[in-house]
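Structural description and commentary
For reference, the chains in residue letters:
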Amino acid sequence: MAKADNAELVFVPLGGVGEIGMNFALYGYGPANNREWIVIDVGVTFPDPAHPGVDLILPDTRFIEDKLANLRGIVITHAHEDHYGALHDIWPKLKVPVWMTPFGAGLLEAKRQGEADAPKIPVTIYRAGEKFTVGPFEIEAIPVAHSIPEPMSLAITTPVGTVIHTGDWKIDPAPSIGPKTDEARFRAYGDKGVLALVCDSTNALRDGDSPSEQEVGASLKKLIEEAKGRVAISTFSSNVGRVVAIARAARDAGRQVLVLGRSLKRVIDVSSELGYMDGLPEFIGEEDYGFIPRENLVIICTGSQGEPLAALAKLSRDEMKSVALTAGDTVIFSSRTIPGNEKAILEIKNRLIDLGMKIIEDGDALVHVSGHPRRSELKRMYEWVRPEIGVPVHGEAAHLVAQGSLMSMSGIRQVAQVRDGDMLRLYPGAAEVVDQVPYGRVYKDGKLVGSDEAMGIRERRKLSFAGHVAVNVVLDDKYELAGDPDLVAIGVAEADAAGELLEDIMLDAAVGAVDSIPRQRRKDLDLVQESVRRAVRAAANETWGKKPLVTVFVTR
């Protein structure tokens, strides 16, 4: 590859830097006015109560949509939702080649078959150790350990230097299904010279090394063997290694396994096709549940994050048709709590406790381990790669700053702190933020995708707080009220402290507003409409202390 005149190499995150989730990174190479681009990962994040009704949150890709002629492709590091989950919604805007591992491509196709109108995305398969070219970027897939099959770091080589984009990784000497992190390849790149290390920061605040998945498997085996009744274990659907460890532990304890949850079954189907479930006994179906003695059953289920429609939540509400838990059974949360999900998870735990379940979580025994590197693992990566520039990514501000400090203390000469929307120039000269580009969030809401304003999310938030009042005012040919206005209130308090109906109070305010306007001025129907709206909101606020959304219709 020849270096272009005035060539620059830039890194631009549009998601995942300054937040957990929604990873979307761009690398651009070439002259500033004519760069060629690649996308690394196209992830989602999930809504919280501040986004009522929203299904998914996606990165705003306006910046790269304006440069489609120079966009050469998308490379997915692994098949976690926060790294590939937005492909079906974003690819139709970009329509460029996509590179994925076999497992990632299998999950993408399984998702497509389960989603109406999902696009058929042409995918080129790549595997660990392979090299491929995307525009001016030569890419090698370096296998790493993580909590999903086939995670990859990417060595991205350009005429002006190589960037190691770690993706999600850790160092695990004994993963359940592999791979191990390929120290030799990282060292080989370090020996040749690495311009920049763009590195996962998720666990940069935690000292030491992450425990191995093998240790988690041994701990789960002991818990299953000691349990008196059924054992239900909830984990992340994508953690195939954990599913395999649970299945092995159940087999060794003489128990059979039942799987509950659509996403979990989908992942297991893809994993089975690729050979990751080989050697395990066949799982039983729900129709066999009633014939298995309690002490001989392990249930693997979705719902570790408190999802209200997932299998564990339904079990806690005793809503499943063929399967139920009973007092004395054990429920294990083999997962970490994603921030924001605490309340939903606690509600499920409390329901299970009320049913007489024994709850075991991460603080009680070694039932989960993160798929991300702690500080000792990060320092080993720095020693292998020896980059000129360190760029912390994949984390909130505290994680990014913590890894930045660790990079500096470990001898990395330049550490660049960036956030979503920053354009970081990696070459030439010192690493420097040289521009700010459009970034943000868009929302998948039912069948539509758009901004919070376009999807009505701001108004929906107000509705969830203070409800809605609709008022219909009819004026006769003399601009007098033709009877009392019609008023309908939804999500509004019923009565004041004295028992007077709030609808009556607001109705009186509407009538008073019309009566207060001189008859000649009532010809201005917009004036009448706004006066009634203000009066109804003020009456509600004075009585209730909240201002509902008010819609007024005025006709003559």
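Please refer to the structure higher up on the page.
As a starting point, this report considers the structure included with it. Computed from a prediction, not measured in an experiment: that's the story for all the values here.

Okay, the packing of aromatic side chains next. Taken as a whole and judged by the stated rule, the model has six aromatic pairs. Measuring from ring centre to ring centre gives 5.5 Å for Trp 37 and Phe 63, while their planes differ by 90 degrees; the resulting arrangement is edge-to-face. Here Phe 63 lies in helix α1 (residues 62–65) and Trp 37 lies in strand β3 (residues 36–42), a separation of 26 residues in the sequence. Classification of Trp 37 by relative accessible area gives buried; the value is 2%. By relative accessible area, Phe 63 is classed as buried at 8%. Between Phe 103 and Tyr 276, the aromatic rings sit 6.4 Å apart at their centres with planes inclined by 85 degrees, giving edge-to-face as the arrangement.

Okay, the packing of helix α14 (residues 502–515) against helix α15 (residues 525–544) next. The N-to-C vectors of α14 and α15 enclose an angle of 145 degrees; their axes lie 8 Å apart at closest approach. Between α14 and α15 the crossing geometry is right-handed. Residue-level contacts link Leu 502, Ile 505, Met 506, Ala 509, Ala 510, Ala 513 and Val 514 of α14 to Val 528, Ser 531, Val 532, Ala 535, Val 536, Ala 539, Ala 540, Thr 543 and Trp 544 of α15. Split into classes, the residues belonging to the contact of α14 with α15 amount to 14 nonpolar, two polar and no charged.

Attention shifts here to helix α6 (residues 213–226). For α6, built from 14 residues, the straight-helix expectation of 20 Å at 1.5 Å per residue is met to within 8% by its first-to-last C-alpha distance of 20 Å. The set of residues buried in α6 consists of Glu 213, Val 216, Gly 217, Ser 219, Leu 220, Leu 223 and Ile 224. Down the axis of α6, the smallest arc covering the buried residues is 165 degrees, so these residues share one side. Along its buried surface, α6 packs onto β13 (231–234), α7 (240–252), β15 (297–301), β16 (330–333) and β17 (358–360). Backbone nitrogen of Gln 214 and a side-chain oxygen of the N-cap are separated by 3.0 Å at the start of α6; the cap is Ser 212.

Two strands in a sheet stick together by hydrogen bonds in their backbones, pointing the same way (parallel) or opposite ways (antiparallel). Strand order in this open sheet of seven strands is β8-β9-β10-β11-β12-β18-β19, and the pairing throughout is mixed. On the outer flanks of this sheet lie β8 (131–134) and β19 (414–415), each paired with one strand and no other. Pairing between strand β12 (residues 196–200) and strand β18 (residues 389–393): five bridges, direction parallel. Counted as the bridge partner of Val 198 is Val 391 from β18.

Counting 63 residues, the largest nonpolar core has Leu 26, Trp 37, Val 42, Ile 74, Leu 87 and Val 298 as the members making the most contacts within it. For this core, the leading source of residues is α7, giving seven residues. In contact with Leu 26, other than residues within four places in its own chain, are Val 10, Phe 11, Val 12, Leu 14, Trp 37, Ile 38, Val 39, Phe 63 and Ile 64. Ala 25, Tyr 29, Ile 139 and Val 391 belong to the second-largest nonpolar core, a separate cluster that totals 33 residues.

Between its first and last C-alpha atoms α15 spans 28 Å; for 20 residues at 1.5 Å apiece the expected length is 28 Å, and the two agree. For α15, the full list of buried residues reads Val 528, Val 532, Ala 535, Val 536, Ala 539 and Ala 540. End-on, the buried residues of α15 take up no more than an arc of 130 degrees, which puts them together on one face. Away from its buried face, by an angle of more than 90 degrees, α15 presents the exposed residues Asp 526, Arg 534 and Glu 542. Looking at the buried side of α15, the elements it contacts are β24 (468–474), α14 and β26 (549–555). The opening residue of α15, the one whose side-chain oxygen lies 3.2 Å from the backbone nitrogen of Asp 526, is Asp 524.

For the rest of this paragraph, the subject is the pairing of β8. With burial as the criterion, only one face of β8 is covered, namely that bearing Phe 132 and Val 134; the residues Lys 131 and Thr 133 on the opposite face remain uncovered. When β8 meets strand β9 (residues 137–143), the two strands line up antiparallel, connected through four bridges. Among the inter-strand pairings, Lys 131 is bridged to a residue of β9, identified as Glu 140. What sits between β8 and β9 in their antiparallel hairpin is a turn of two residues, with Gly 135 showing a positive phi close to 60 degrees.

Within the open sheet, the eight strands sit side by side as β7-β6-β5-β3-β2-β1-β20-β21. Their pairing is mixed. Both edges of this open sheet fall to β7 (123–125) and β21 (432–436), since each of them pairs with a single strand only. Recorded for the sheet is a direction-independent mean angle of 25 degrees between the axes of neighbouring strands. As judged from the three bridges shared by strand β1 (residues 8–15) and strand β20 (residues 422–427), these two strands associate in the antiparallel manner. Along β20, the bridge assignment pairs Phe 11 with Leu 424. Running at roughly 165 degrees to strand β5 (residues 71–75), helix α3 (residues 87–94) makes contact with β3, β5 and β6 (98–100) of the sheet.

What follows is about unusual backbone geometry. Note: most residues except glycine have negative phi, and most peptide bonds are trans. The omega torsion of the bond from Tyr 427 to Pro 428 falls at 0 degrees, within 30 degrees of zero and hence cis. One can find Pro 428 in the loop between β20 and β21. The phi dihedral of Met 22 is positive, around 55 degrees, even though this residue is not glycine. Looking at the secondary structure, you find Met 22 in the loop between β1 and β2 (24–30). By relative accessible area, Met 22 is classed as buried at 1%. Even without glycine at this site, Asp 318 takes up a positive phi of about 55 degrees. Within the secondary structure layout, Asp 318 lies in the loop between α9 (311–316) and β16.

What counts as what
Residues numbered from 1 in each chain as written. Predicted model: local features only at pLDDT ≥ 70, side-chain atom pairs only at ≥ 80, totals over all residues. Heavy atoms only, no water. Phe/Tyr/Trp six-rings, centres within 6.5 Å; stacked < 30°, edge-to-face > 60°. Helix = DSSP H or I, 4+ residues; strand = E, 2+ residues; numbered from the N terminus. Buried < 20%, exposed > 50% of the residue type's maximum accessible area, 1.4 Å probe, protein only. Axes fitted to C-alpha atoms, helices over the stretch in contact; angles between N-to-C directions. Left-handed = near helix turned anticlockwise from the far one by under 90°. Contact = heavy atoms within 4.5 Å. Nonpolar A, V, L, I, M, F, W, Y, C, P; charged D, E, K, R; others polar. Expected span 1.5 Å × (residues − 1). Arc of directions from axis to C-beta. Polar contact = N/O pair within 3.5 Å; in protein donor to acceptor, adjacent residues only side chain to side chain. Pairing = 2+ DSSP bridges. Core = buried A, V, L, I, M, F, W, Y, C linked by side-chain atoms within 4.5 Å.

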